[in-house]
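Below are the chains, spelled out letter by letter.
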Amino acid sequence: MVSAQTIVEEISEVKQRRRAVILAHHYQDAEIQDIADSVGDSLELARAAQKFEGDVIAFCGVRFMAETAKVLNPDRTVVLPDIHAGCSLVDSCPVGGVRAFRRRHPDHVIVSYINTSVEVKAESDILCTSRNAVQVVNSIPAEKPILFLPDINLGNYVKKQTGRKNMQIWQGACIVHATFPGRRLAAARVEHPDALVAAHPECPSDVLRMADFIGSTSAIIDWCTKQAAQEFIVMTESGVRYSLEKLSPGKKFYFVANENCNCSECPYMKMNSLEKLLACLDNLEPSIELPPEIMERARLPLERMLAVK
Ligand code: 13P
Ligand code: SF4
């Protein structure tokens, strides 16, 4: 068997040869994060893809993130170590339903979470991530009716934060975050009475009500790092443990298992591996191939989002 160290050395060599950059989401395994040029949440990685000037992006995340990088770099090669790395939110929102909504409600502004297919993005007016969803909705004139899709928990959170009345919300959910049970968090708080609670806004409302902080993946990491507290219950994917412990050695981080896998891992994010990363850089496949006219239409709502401060 080839050692991990040998694979890492081969990745470095082929990365230079390909003039490639490796972008990795915080939910990737530690060994992938270690070799990445940038590690971030979905907004930070989209911004890194926007600035990129080489030939190849190897995207260690899930397919919708790699598609976003491709829309921003239509003439470059974007590879994803495992092409089957999907997302339950993307699956919950077929483009036909979005088109039907648009026909019935032509006056609505469609705000799409970045966790959507490129076809749904192309039907949208503006995109958002968990980091900027409140600012994106606040950037829309108050009298405009909104359809927010596809995450019901993020949508409800944003509706509450912005006080928007006329906002319809799609019924999609993340298989990881939406199945964190409030009663397990309540039990964890009894077990760790000094711990603060940080939660991703894709979590259900009973979990969010118990949170001391709600934010995107990187916002959770930043917040836990800055707090004087020494213990945290972290209601998101357990891949963030790596950065949390690196940035705050000595602090304790507890994760709560969900009811889907009885763990806190995203099965799609974990499909990638060092071996698959090396293979995709070497072979330039699997690569993201999208129809040019769809990319063209998806770029506008994406750029509108990136322009929101
Ligand atoms: P972030 O926007 O926090 O990176 O979240 C992406 C995601 O897929 C959460 O499950
Ligand atoms: Fe999608 Fe949930 Fe996995 Fe994030 S954690 S990629 S929202 S399935």
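Residues numbered from 1 in each chain as written. Chains lettered and ligands numbered in written order. Predicted model: local features only at pLDDT ≥ 70, side-chain atom pairs only at ≥ 80, totals over all residues. Heavy atoms only, no water.

Here the focus is the pattern of salt bridges. One pass over the full model with this rule turns up 15 salt bridges. Notably, a salt bridge pairs Arg63 with Glu67, separated by 2.9 Å at the nearest N-O pair. Placement of both Arg63 and Glu67 in helix α4 (residues 63–72) is noted, with a separation of four residues, approximately one turn of the helix. Taking relative accessible area as the criterion, Glu67 reaches 8% and is therefore assigned buried. One salt-bridge network, in which partners are shared between bridges, spans Glu13, Arg17 and Asp282. (Salt bridge = Lys/Arg side-chain N within 4 Å of Asp/Glu carboxyl O. Helix = DSSP H or I, 4+ residues; strand = E, 2+ residues; numbered from the N terminus. Buried < 20%, exposed > 50% of the residue type's maximum accessible area, 1.4 Å probe, protein only.)

Two faces, one strand: in a regular strand the side chains alternate between the faces of the sheet. A large share of strand β1 (residues 20–25) lies buried, amounting to six of its six residues. With burial as the criterion, each face of β1 is covered, one bearing Ala20, Ile22 and Ala24 and the other bearing Val21, Leu23 and His25. Where β1 lies against strand β3 (residues 56–60), five bridges are found, and the strand directions are parallel. Its bridge partner lying in β3, Ala24 is registered against Cys60. With three bridges connecting them, β1 and strand β2 (residues 38–40) associate as parallel partners. For His25, the partnering residue across the bridge sits in β2 and is Gly40. Traced from β1 through helix α2 (residues 30–35) to β2, the parallel crossover comes out right-handed. (Pairing = 2+ DSSP bridges. Right-handed = clockwise from strand over helix to strand, strands pointing away.)

The next point concerns the site of ligand 1. Surrounding ligand 1, one finds His25, Tyr27, Asp41, Ser42, Asn115, Ser130, His177, His200, Glu202, Ser216 and Thr217. Interatomic distance of 2.6 Å between a side-chain N/O atom of Ser42 and an oxygen atom of ligand 1. Within the side chain of Glu202, a nitrogen or oxygen atom sits 3.1 Å from an oxygen atom of ligand 1. Calculation on ligand 1 without its partners gives an accessible area of 300 Å², and the protein chains cover 96% of this total. A breakdown of the residues in the shell around ligand 1 according to their chemical character gives one nonpolar, eight polar and two charged. (Near = heavy atom within 4 Å. Polar contact = N/O pair within 3.5 Å; in protein donor to acceptor, adjacent residues only side chain to side chain. Areas by Shrake-Rupley, 256 points an atom, 1.4 Å probe, with all protein chains shown as cover. Nonpolar A, V, L, I, M, F, W, Y, C, P; charged D, E, K, R; others polar.)

Take it as geometry only, folks, not as evidence of what the structure does.
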